[in-house]
Every structure is written in C-alpha cells, then in structure tokens.
Amino acid sequence: MDVKLSGAAATDVERAAVATVLGPEPPQDGRVVRAGRAQREHRHLLLPALHALQDSVGWLSRGAVDHLAERLAVAPAEIYGVASFYHLLATEPQPALAVHVCDDVACRAAGAGALLGQLGEAARRSACLGLCDHGSAALVRRTGPAAERLDVAVAPVTAAQVAGFLRGDPPPELAAVDAPPPQAGDPGLRLLRRAAGKVITTVDGYEAAGGLAALRRALERGPDWVLAEVKSAGLVGRGGAAFPTARKWEAVLRAPSRPHYAVCNADESETGTFKDRLLLERDSFAVLESLVIAGFATGSEHGFVYVRDEYPLARARLQAAIEDLRQAGWLGASVGGAGFAFDVELRRGAGAYICGEETALFNSIEGRRGEPRNKPPFPVESGLFGQPTAVNNVETLVAVLEALQAGGSASSKLFCVSGPVLRPGVYEVEFGTTLQALIELAGGLQPGRRLQAVLLGGAAGSLVGPGRLGLQLSFEAARAAGLSLGSGAVVVIDQSLDLTEVVLRIARFFREESCGQCVPCRVGTVRQEEALRRLFSGRPLGSREDELVRLSEVAQVMRDASICGLGQTAAIAVQSALKELL
Amino acid sequence: MSARVALSIDGRDVQVASGTTLREACQVVGIEIPTLCFNPNFSAANACRLCVVELEGARTLVPACSRRVESGMRIQTGSDRVRLSRRLVLELLGSSVDLSVAHELGELMQEYGARPERFADGEAATVQQPVKIDNELYVRDYSRCVLCYRCVQACGVEAQNTFAIWVSGRGFEARISTEYDAPLPDSACVYCGNCIEVCPTGALMFKSEFDLREAGTWDEGRQSTTTTICSYCGVGCSLDLVVQDNQIVRVNSPEGNDITLGNLCIKGRFGHQFVSGPKRRGR
Ligand SMILES: Cc1cc2nc3c(=O)[nH]c(=O)nc-3n(C[C@H](O)[C@H](O)[C@H](O)COP(=O)(O)O)c2cc1C
Ligand code: SF4
Ligand code: SF4
Ligand code: SF4
Ligand code: FES
Ligand code: FES
C-alpha cells in the first residue's frame, strides 16, 4: 500500500519515543516508504508506540502519527482511528498534568459524593479505578521527559489533595495503596494465601513460599495431566462468563493451526471490582507461573498479560517479575530446563472497559480499535492474530495453581466488597456462602447505616434489594435466581445514597464505554440514559408507562441483538432496579 | 465444501451447502432478510444488526448476514422477538440519523411499524453536524451516517486499498473520518468514489447530486440510466450513467458486475465532463 503523509514532521523527541518501541530507524533513501512484510509484522507494536508518544509528549501529534505510519506501514487515518478510541490517549494537546478522580458507583456508595461536589473543573472524572475499597480514588499522571513523569494511584483522596496535585504537589509514593486484604492472617486462605502476606519480589522468595511447584509438576507430567486436574477441580472462569477452564484449554491444545497463544486478561475495569489488582500487585509471580502453565497446557509459545492502564503498580510489579523469571530460566527458550519454549509480554490497555472483552482485547493487542469481534468463531479456534487462543482471567489463573495442588480444589472465590461496610476489601469465601454472611465478614454496615441495595457483579450485574441477602454466592444459585456473580463485585449501598443516582451512573458508564460498533448498543445506551433522566426528573416523554415500555424495549434489543456482552448486559442493572427497587 | 447441511427455517426443512450463511439459506426458501451493513462483495461488518434472526437454543438472536448454517439449526425469521429487534434498530437509527434520502430504510420502517419519533424529544442526541464540502467531486454529510462501515471497507482492503478513511472516536461519538478530520484533498483519498457507491444512506453523495438536491431540482422521475463501458482504459469497466435533463448527475457501477464489483477509478467515476463539454463534436 501507499502511505500518504501530511507533510507534518515528527520532532526529535517523538522519533526517539517511537524508537524506544520500534528500535532505531532503518536507513531511508528519502523516496521509498518500506511497506514490506517485516514492517507489517510489527503492527502489534502500534499501541505500545502510541503509549510511548503519549507518555513523553502528552499527546499524539500529526507529525508523530505520520512518522508511525511510515514506520509501521499503517495508514494515518487508521492510526488516528485507533488512537481516538482510547480515553487515555489524546489526539489534541493536553496539559502535562492530569488528575483523574473516580466518580463511579462504589466510591459514591462509600461517601465520595461530597468530594465530587467540591472538585473543580480541572480534575477529570473517571469510571471505577479499581481502588473501591479505599472509598475514593484518583490517578495522577504527568507526561514529559522520563524524570518528570508521574503515574500514581492515590486512594483514599480528598478534594484538597486533588487541588494540590493540580497545583503540582507531589502525590504520595506509588505503593501507598498497597495493602494486604482484610483476611490477612487467616490460615484458611488459598487464593489469597500469598497476597495476604509480605509482597514477594524475587523468584527465590517465591519458591521459598511454595511457588513454582505447580509448574514443575506440570512440566514433569505433561499437558494432559494439567487438563485432567483442572477439570476434576471443576474450575470455571472467574472473568464473568463462568466457562470451564479445562474445556477451553483442551480445545486450544487440540486445535491444529499453529501457533497458539495464552493470554491473561488483567483489564479489570468492571465497576466495583479490584480483586485482580490485588493479585497482580501482591501475587504477580503466581499469575505468571500459572500463565506459563496455561501456555504449556495449550501448546502455546507466547503469552500476553493485558493490564488496564489505570494499574501502574500492578504493571511495575509484573514487569519486574517477568524479568526475574526470564533471568531464572522460567521464561524463555526452555522453561525450567524442560525444553518447553514460552515467553510472556506485558501489554498496557489505554482506558477502555470494552478491551476486557476477550476479542476486543485481541484487537487491542493487534494494534486495532478495541472493537469486539462477532462470535463464532470463538477464540479457541480463532483468537489473537487469528490463532487458537486461551484467554483467562487473573483469578482463574491463580485458582489453577490451587487446583494443581495435591487434593486441590476450586471451591473458593474472591469477592470485592465495597461501600459503607466496616472493612471493605477482597474476601475469599467458599462458594455457597450467603451474601449476608459475606457482608458480615466485611464487618457489616457502618453503625447507623441501613442497607438499601447491593450492586452484585458490577455495572454488568444486578441491583438487588435487602430481600436477596440470603442468596448463596455460587454460579448455580445466582443463575437460578436470575442473577450473575459477574466479576465478584459486591457494592453495598445504604439508604443515604439516592438510588436513581446509582442507576444513572451505570447508564452513563455503558454509554461512555460502548465501542460504538453495533446499533443496539451504540444508540441504545444513549436512549436508555436519556429515558432514565426524563423519568427520574419527573418529565417523562408521554406517560411514565410509555417511558418504561421504551426502556424495556431498548433493553431487549440490546440484550438480543448486540454483538458482545457489553451491550447484552447494559440494561440488566437498570432493569433490575426499575423492577425491584424504584 | 460440497457437504449439505440440513436445517429448518420458519418450520420448513432446507438443505444447503455447508458454508452458506443463514441469509443465503433464507433466500433459498424465498425469505428476504433485511440488511443494512451487509455488502455481498465484502466480508460481513456485522454492525447494524438489522438482519438478526432467532436461533432456537441460542441466548441471543444471531446475524443472518454472517452466521453460517449448522446442521440441525432451527431458525425463526419473523417471530415477535425478531421483529421487535429490527423495529428497535430502525427506531434507534431513525431517531439519531437523518434518513431522509435512505429510501430502503424508509420502506423497512413502514414494514416494521417503526416510529423513531418516540425517542426524539428534541433533546435526544443525534449525529447532526455540518456537511463537509471540501472538494468538487463529492460531499460527506455524516448527519446521514449510520456507521455501517461499508465506506471504510471499500476504501480499505476490501476494494480500494487507499485507507483514506477509518472509524474514529468511540461509542455514540464514533465517526467516519480522515486522520485528524483533515479535509479530503489533504488526505490519501484518490476520489475513486467506491465509498459513495456502497453508502446506503446518501451520507456520501456526488457533488452534482448534492447541488441539485440543494436547489430542489433533483428529480428521480426525470432521470434515466444508461449502461455503457468506460472509455478511458482497456479494463472496460461497466458504467451506469444516471442522467437528468441531459446531464450526467451520477455514475454508478453495478455491484453485481463481474468486472468492477461496483468499483471504479476517478476517471470512470467523475471524468465525464467531456461528454457534455462545449467542444464536443456535433454540438
Ligand atoms: C464488556 C466486557 C468486559 C470484560 N472485562 C473483563 C475483564 O476485565 N477481565 C476478565 O477477566 N474478563 C472480562 N470479560 C470476560 C472476557 O470476555 C472473558 O470471558 C474472560 O476473560 C475469560 O476468562 P475466564 O474464562 O478465566 O473467566 C469481559 C467481558 C465483557 C463482555
Ligand atoms: S455491544 Fe456495544 S461494546 Fe459490544 S460490539 Fe456492540 S457497540 Fe461495541
Ligand atoms: S473516494 Fe475512494 S479513496 Fe476516497 S475515501 Fe472514497 S473509497 Fe477512499
Ligand atoms: S458514510 Fe455511508 S457507507 Fe460510510 S459508514 Fe456512513 S452510512 Fe455507511
Ligand atoms: S475506584 Fe471508585 S468505584 Fe471503583
Ligand atoms: S446486515 Fe447483518 S449485521 Fe448488518
């Protein structure tokens, strides 16, 4: 193809930023754009290159995009299409310093409304930052030369602090939000065993804590043993869809087309969900060990961990752990000396909830817009780069390690309890524990508070009233009750919060996070939000009944005709609230 | 691919070759499935969801334009559930996009009883924006764009390989755009007009047609179509010249034509002024 460029030139800083990802520029004779296969094969480095530009310059200029177009043989229009897809990439000049403050449901439930009321215009509002157990949260970023850059999550946060950050006050250390889960010290913990202890920072430390035993055993006994163990443990995915992990892995292992890929989905962006962040930050070696096992059991040579961009600490720890494991021979040409070749690459999201949807995630890694693909074909047949791919949630991977223990099982599950409870945080409980017992484990509601509702499963989940506290938290029981455990989010909402505010925030979330590809979701999420606004402000179009009919019809077309799970679930919480609570 | 697959469509048993889409299988039994983003020459964009049908046992409806037949499938093409989804897709589009020259959609709206005005209270968001007139050959009125992806496909690997336009932004803010929304003359566009050919809503329109419409003199009743062969090069592309008042107002190439598959280059598409030029012999 011919790449037509605008004539705008990239600055030296921009060229250098791109070179950190794509390597030094090849010799140019000034007339020919090299658009061969070698270049196209680097296409998947588009998003990392855009990040490098964004980090160092603060936005993506035309000259920079032209330069990238030339180096990757991707048209500027397409690069612009990709860049403009992501909330955290800018296609117009921006102030170097940005403070993103969470205005999502869990923080509001925990009382962040006051903070939000005091924020000035300069602070950017953000959807859930995965720090909901702190009750309020901000992400402070500064772009520019490496020494000036900032990328720090702060939680909890006050309006005064936010104003200070915007004036240039330094935010606290990166690790300030790094705390063990409330159950720390409980000897019964399995999934949280290591995360509840001191953070492990070396391969040796990890081995001393019992790490790598599962991988060693797997390498000894072979992929079929892994599949059999995971299957007999009855492990199903923890990313929301509850699909049997062994079945997914087996399908990839047996798929004839090569290569295969193993992908860890660490995009965790579901409202009220932060369990994966805890594991990524405090048990990074385990996540990686299990990804290697996934690679081994699926006949893959290459793995990716796709981490949401709002998790700087998780990224730093994972990157360090990947390098340590490579050094120690647990990643690379012969994992653990067993002759199995496997390596892992860390990829950053760029601010898009939809990129947690598995096929959108593939597109994002491939350097395309994060638009979900139509299924079938399913990822086990045609996934990343069109090849058979096993994609798994972070918690699923950690649960695999438990399943591979002698006598191992998969009988416990993580839940993220947030809102006005005494001890919000990530909790590990046995399947079948009631919602009531889980909330009590988190200390119950703060004194003087009365439960109004629980957002179960995040924005894509349901709003349920106090009458549902007896619900047993298992996939089967939830399904029987017409609910879903979803991501494991349990946002407790007390009487002090206006539930219509919650419903509107959820509706806005879907409107802002829809990729825009299909009509039911692209327009439906907008019409849903508009109708709710009219309804709640007492100005329905026609009668209230008309408005409810419209909402339920929009809900039905979104559920029935949308391409992906985002549109299919975009009305669940809204409808559950309208039917049971409002 | 010669294996036959048996399925049932609206209660009728059908056998088709494996690899057939549900839409094609429906055609075999004489059922036309409405489509919008589908173009037979391109891979399915799967974006509009107008073509959904009910597949027994499936959690959601499925797109007939792309879903391949599997043996034992039981399909309903006109159930209440299907009709509701189609009506809503039409209403959602009709309430956010100017469909005044999208005649086929207008007919479907009637057929499905779609009433987009139910959603339009004056404050409802629309994709309304100024028309882009930045060259002499064609205009882009994205207030009429349903985001079917067909123009992007036509400009990209499916046909033209020029990549002048792409989808930018996201969600309801997603738009078809050149890089940084640059005017077409500054973009990679080579004015092949293949995007105009596939645009189902008139968002992309010949300048000649646009001017007549603006002047209120566009009149399909006074138009005739003459099929001919492009006189420029040896490929011999088929042209359909749309003529009004003895002036060529639009040049199409039939989508089903084996030579062009609907595609032309700038010369065939726009280089017809000589036909009515003042120096033409015999004038
Ligand atoms: C809109 C949307 C967002 C999603 N986000 C995530 C996510 O952040 N993390 C995740 O593990 N799965 C997410 N999923 C589910 C994935 O598509 C996929 O099912 C999951 O990663 C499979 O892993 P598992 O089998 O281990 O659960 C999302 C799905 C949808 C529809
Ligand atoms: S359902 Fe929404 S998020 Fe999913 S593909 Fe359609 S527009 Fe995109
Ligand atoms: S006229 Fe041709 S080159 Fe220009 S945008 Fe349309 S398809 Fe692309
Ligand atoms: S401009 Fe036309 S062809 Fe392009 S997406 Fe919009 S409606 Fe479809
Ligand atoms: S961090 Fe605020 S809702 Fe999750
Ligand atoms: S015609 Fe099938 S999705 Fe558009």
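Residues numbered from 1 in each chain as written. Chains lettered and ligands numbered in written order. Predicted model: local features only at pLDDT ≥ 70, side-chain atom pairs only at ≥ 80, totals over all residues. Heavy atoms only, no water.

## Quick look at the overall build of chain A
- Helix and strand counts for chain A come out as 23 helices and 13 strands.
- Whereas a compact globule of 582 residues would reach a radius of gyration of roughly 25 Å, chain A reaches 23 Å, a difference of no more than 12%.
- Out of the 582 residues in chain A, the part that is buried amounts to 61%.
- The contacts of chain A with a sequence gap of at least 6 include a subset with a gap of at least 24, amounting to 72%. (Helix = DSSP H or I, 4+ residues; strand = E, 2+ residues; numbered from the N terminus. Rg over C-alpha atoms; globule rule 2.2 N^0.38 Å. Buried < 20%, exposed > 50% of the residue type's maximum accessible area, 1.4 Å probe, protein only. Contact = heavy atoms within 4.5 Å.)

## Focus on the environment of Ala25(B)
All names here are of chain B.
- With respect to the element layout, Ala25 can be found in helix α1 (residues 22-28).
- You can call Ala25 buried: its relative accessible area is 0%.
- Spatially, the C-alpha atoms of Ala25 and Ile9 are 8.4 Å apart, while their sequence positions differ by 16 residues.
- Residues within four places of Ala25 in sequence aside, it is in contact with Ile9, Val14, Val16, Thr20 and Val69.

## As for the pattern of salt bridges
Residue and element names in this part refer to chain A.
- The final tally for this structure, using the stated rule, is 63 salt bridges over all chains.
- Notably, a salt bridge pairs Arg254 with Asp224, separated by 3.0 Å at the nearest N-O pair. Remark: Asp224 occurs in helix α10 (residues 223-232) and Arg254 occurs in helix α11 (residues 245-254); sequence separation between them is 30 residues.
- On the basis of relative accessibility, which here comes to 48%, the residue Arg254 falls in the partly exposed class.
- Under the relative-accessibility criterion, Asp224 is labelled partly exposed at 47%.
- For the salt bridge of Asp309 with Arg315, the shortest nitrogen-to-oxygen distance reads 3.3 Å.
- Owing to a relative accessible area of 1%, Asp309 belongs among the buried residues under this scheme.
- With relative accessibility at 11%, the residue Arg315 sits in the buried group. (Salt bridge = Lys/Arg side-chain N within 4 Å of Asp/Glu carboxyl O.)

## Quick notes on the site of ligand 3
- Neighbouring ligand 3 are Tyr138(B), Cys155(B), Thr162(B), Cys189(B), Val190(B), Tyr191(B), Cys192(B), Gly193(B) and Cys195(B).
- Residue classes in the shell around ligand 3 are distributed as seven nonpolar, two polar and no charged. (Near = heavy atom within 4 Å. Nonpolar A, V, L, I, M, F, W, Y, C, P; charged D, E, K, R; others polar.)

## Details of the domain arrangement of chain A
Residue and element names in this part refer to chain A.
- By the assigned domains, chain A splits into domain 1 (12-83), domain 2 (97-167), domain 3 (203-403) and domain 4 (412-580).
- Taking the mean C-alpha position of each, domain 1 and domain 2 sit 31 Å from one another.
- On the domain 2 side, the residues contacting the five residues of domain 1 number four residues.
- For the pair domain 1 and domain 2, the summed buried area comes to about 280 Å², and 52% of that belongs to carbon and sulfur atoms. (Domains from an automatic or database assignment. Buried area = accessible area lost by both parts, 1.4 Å probe.)

## What to know about α11(A)
- Of the residues making up α11(A), those classed as buried are Thr245(A), Ala246(A), Lys248(A), Trp249(A), Val252(A) and Leu253(A). Down the axis of α11(A), the buried set is contained in an arc of 160 degrees. They therefore lie on one face. (Arc of directions from axis to C-beta.)

## Topic: helix α4 (residues 62-72) of chain A
Residues and elements named next belong to chain A.
- Within α4, nine of the eleven residues are buried, leaving the element largely enclosed by the surrounding structure.
- When α4 is considered as a whole, its buried residues turn out to be Gly63, Ala64, Val65, Asp66, His67, Leu68, Ala69, Arg71 and Leu72.
- Following α4 by one or two positions, Ala73 adopts a phi angle in the positive range, close to 55 degrees.

## Section: the domain arrangement of chain B
Residues and elements named next belong to chain B.
- Domain boundaries in chain B define domain 1 (4-78), domain 2 (82-118) and domain 3 (138-276).
- Put simply, the middle of domain 1 and the middle of domain 2, counted by C-alpha atoms, are 21 Å apart.
- Counting from both sides, the interface comprises 14 residues of domain 1 and, opposite them, ten residues of domain 2.
- If you sort the residues of domain 1 by the area they bury against domain 2, Pro34, Leu36 and Leu50 come out on top, with a joint share of 48%.
- One can count zero salt bridges joining domain 1 with domain 2.
- Between domain 1 and domain 2 we count three residue pairs in polar contact (both at pLDDT 80 or more) in total.
- Taken together, the residues of the side of domain 1 that touches domain 2 break down into nine nonpolar, three polar and two charged. (Polar contact = N/O pair within 3.5 Å; in protein donor to acceptor, adjacent residues only side chain to side chain.)

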